[in-house]
Amino acid sequence: MNPASARKHTALPKARILIEALPWLTRHNGKTVVIKFGGNAMVDDDLKAAFAQDVVFLRHAGLKPVVVHGGGPQISAQLDKQGLTSEFKAGLRVTTPEAMDVVRMVLAGQVQRELVGLLNQHGPLAVGITGEDAHTITATRHRPLIDGERVDIGRVGEITRIDTGAVEALLENNRIPVISSIARSEDDGHVYNVNADTAAAALAAALGAETMMVLTDVEGLYEDWPHSDEVISRLTATELEKLLPDLSSGMVPKMEGCLHAVRNGVNTARVIDGRVPHSILLEIFTDEGIGTMVVPDAPSGPEGE
C-alpha cells in the first residue's frame, strides 16, 4: 500500500464519526438547546475548555445553544473568604442580604465572565446577562416547607415569570447567551438567588427548546443507587415522577427541572456526566448517547396506545 493510500485509510474512522453525526445534525439544525453548566465541569480547567469548545461547535453546527449557570463552589469559597458562613436548609443556600451581594458578584462578575471569555476565544459569540436583565427571570421569595412549616431562607427566589425577549434577540443575532441564575423581584425590589437547574428548565420551556441538558458529577440517574450503578438511559415523565420521592437531595432539583421541561413543551431533557470531556457532543451527535434522557409521556388515546 502506498503512503498516500495508508494515510487515507487511517483517516477513515474520522469520516465514519462525521457520518454518524449527520442524522443528528439534520434533526437539530436551527433548534434551541438549553445547557445548564455545573458540577466538576465548572472548576476543572480542561473540562471548562472542552465545554466551551462543545458549545461553540453546536453553534457552528446550526444549533442555538443557551447556557445557564450557577456557581455553588465559587460562592462558598468567596463567602468563606469574607467570613460569612454557608448554611443550607432543604438543599438550598440560606441567602442573607450580605450573602446575596456575594452571590451576585460571583455569578455575574466571576463565573459568567470566565465562561464568556472561554467561548469568545473562538470568535465574537457569547454575551453574558443575568436574570435581572430585561426582566428575563422574575421571582418571589421562596419559603420551603420543612417539617410541615414554611421557613424563611432569605433571598432565595421562586420563579414566577420568564421573559425571553433579550435571549431571543441574542439568538437571532447568532450569539450565545450565557445567563446567571439571579432573578429580579416580582414584588419587593430585591434580587433573588434562584436554583440554576430550575432556571434552566423554566427558560427551556419558555423558549420552546428542542432539548435541555444538565451537566452533573454522576453518570446519570441510577436505577437502584447505592445498590447498583446501572444508569437509566431513558424514562418518561410519569416514570420519573414516581422516582422523585426516593432521589438524593442533590438530584431532586435536576430531575424536577427535567420533568418541568418535558411537561412544558421541551422534547427531551437529559442529565449527563460533565466529568467526561465533550459529553455534550457525545450526547447530541452519537447513536449511543450518554447519561439519562427524559421524554414526554406518549399521547393518550388511539394514537398513543
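Quick note: structure is the one above.
Caption draft 1: A look at the pattern of salt bridges. Scanning the model with the defined rule gives 12 salt bridges in all. Salt-bridge contacts for K31 lead to E210; the nearest nitrogen and oxygen are separated by 3.8 Å. A residue pair is termed long-range when its members are at least 10 positions apart, and K31 in the loop between α1 (3-28) and β1 (32-37) and E210 in the loop between α6 (196-207) and β13 (211-216) qualify at 179 residues. E210 sits in the buried class, given a relative accessible area of 14%. For the salt bridge of D152 with R141, the shortest nitrogen-to-oxygen distance reads 3.2 Å. Here R141 lies in strand β6 (residues 137-141) and D152 lies in the loop between β8 (149-150) and β9 (157-162), a separation of 11 residues in the sequence. The class of D152 is partly exposed, set by a relative accessible area of 43%.

Caption draft 2: Region of interest: unusual backbone geometry. Although it is not a glycine, D147 sits at a positive phi angle of roughly 55 degrees. With respect to the helices, strands and loops of the structure, D147 is situated in the loop between β7 (145-146) and β8. Even without being glycine, H278 reaches a positive phi, approximately 65 degrees. H278 gets classed as partly exposed once you look at its relative accessible area, which sits at 31%.

Caption draft 3: A negative patch on the surface, seen in detail. A surface patch of negative charge is lined by E219, E223, D229 and E230. Inspection of the secondary structure assignment puts E230 in the loop between β13 and β14 (234-236).

Caption draft 4: Highlighting the sheet that holds strand β11 (residues 182-185). The 4 strands lie next to each other as β9-β6-β11-β12, forming an open sheet whose pairing is mixed. One side of each edge strand has no neighbouring strand; the edge strands of this open sheet are β9 and β12 (191-193). The average angle at which neighbouring strand axes cross in this sheet is 50 degrees, direction not considered. In the sheet, β6 pairs with β9 via 5 bridges, with the strands oriented antiparallel. Within the sheet, the bridge partner assigned to T140 lies in β9 and is E158. Helix α4 (residues 97-119) rests against β11 and β12 of the sheet, and its axis sits at about 75 degrees to β12. This element, α6, spans β6 and β9 of the sheet and lies at about 15 degrees to β9.

Caption draft 5: Up close: the packing of helix α2 (residues 45-60) against α4. At a minimum axis separation of 9 Å, α2 and α4 run at an interaxial angle of 60 degrees. Relative to α4, α2 is oriented oblique. For α2 against α4, the interelement crossing comes out right-handed. Seen from α2, the contacting residues are K48, F51, A52, V55 and V56; seen from α4, they are E114, L115, L118 and L119. Residues that form the contact of α2 with α4 fall into these classes: 7 nonpolar, no polar and 2 charged.

Caption draft 6: How the structure looks around the nonpolar core. In this structure, F51, L58, L119 and F285 are the most contacted members of the largest nonpolar core, which totals 42 residues. Of all the secondary structure elements, the ones that give two or more residues to this core are α1, β1, α2, α3 (72-81), α4, β10 (176-180), β13 and α9 (279-285). Among the elements that line this core, the one with the most residues is α4, at 11 residues. Judged by nonpolar contacts, the second largest core, of 39 residues, contains V66, A139, A199 and L235.

Caption draft 7: Structural detail: α6. End to end, α6 covers 16 Å across 12 residues, agreeing with the expected 16 Å (1.5 Å per residue, within 8%). Burial analysis of α6 places 10 of its 12 residues in the buried class, the great majority of the element. Among all positions of α6, only A196, D197, A199, A200, A201, A202, L203, A204, A205 and L207 are buried. A distance of 2.8 Å separates the backbone nitrogen of D197 from a side-chain oxygen at the start of α6, and that oxygen is part of N195. In the segment just after α6, G208 is the residue with positive phi, at about 65 degrees.

Procedures and definitions
Residues numbered from 1 in each chain as written. Predicted model: local features only at pLDDT ≥ 70, side-chain atom pairs only at ≥ 80, totals over all residues. Heavy atoms only, no water. Salt bridge = Lys/Arg side-chain N within 4 Å of Asp/Glu carboxyl O. Helix = DSSP H or I, 4+ residues; strand = E, 2+ residues; numbered from the N terminus. Buried < 20%, exposed > 50% of the residue type's maximum accessible area, 1.4 Å probe, protein only. Patch = residues over 30% accessible without salt bridge, like charges linked within 9 Å, V, L, I, M, F, W, Y side chains within 5 Å. Areas by Shrake-Rupley, 256 points an atom, 1.4 Å probe, with all protein chains shown as cover. Lys, Arg positive; Asp, Glu negative; His and termini not counted. Charge placed at Lys NZ, Arg CZ, Asp CG, Glu CD. Pairing = 2+ DSSP bridges. Axes fitted to C-alpha atoms, helices over the stretch in contact; angles between N-to-C directions. Contact = heavy atoms within 4.5 Å. Parallel < 35°, antiparallel > 145°, perpendicular 65-115°, else oblique. Left-handed = near helix turned anticlockwise from the far one by under 90°. Nonpolar A, V, L, I, M, F, W, Y, C, P; charged D, E, K, R; others polar. Core = buried A, V, L, I, M, F, W, Y, C linked by side-chain atoms within 4.5 Å. Expected span 1.5 Å × (residues − 1). Polar contact = N/O pair within 3.5 Å; in protein donor to acceptor, adjacent residues only side chain to side chain.

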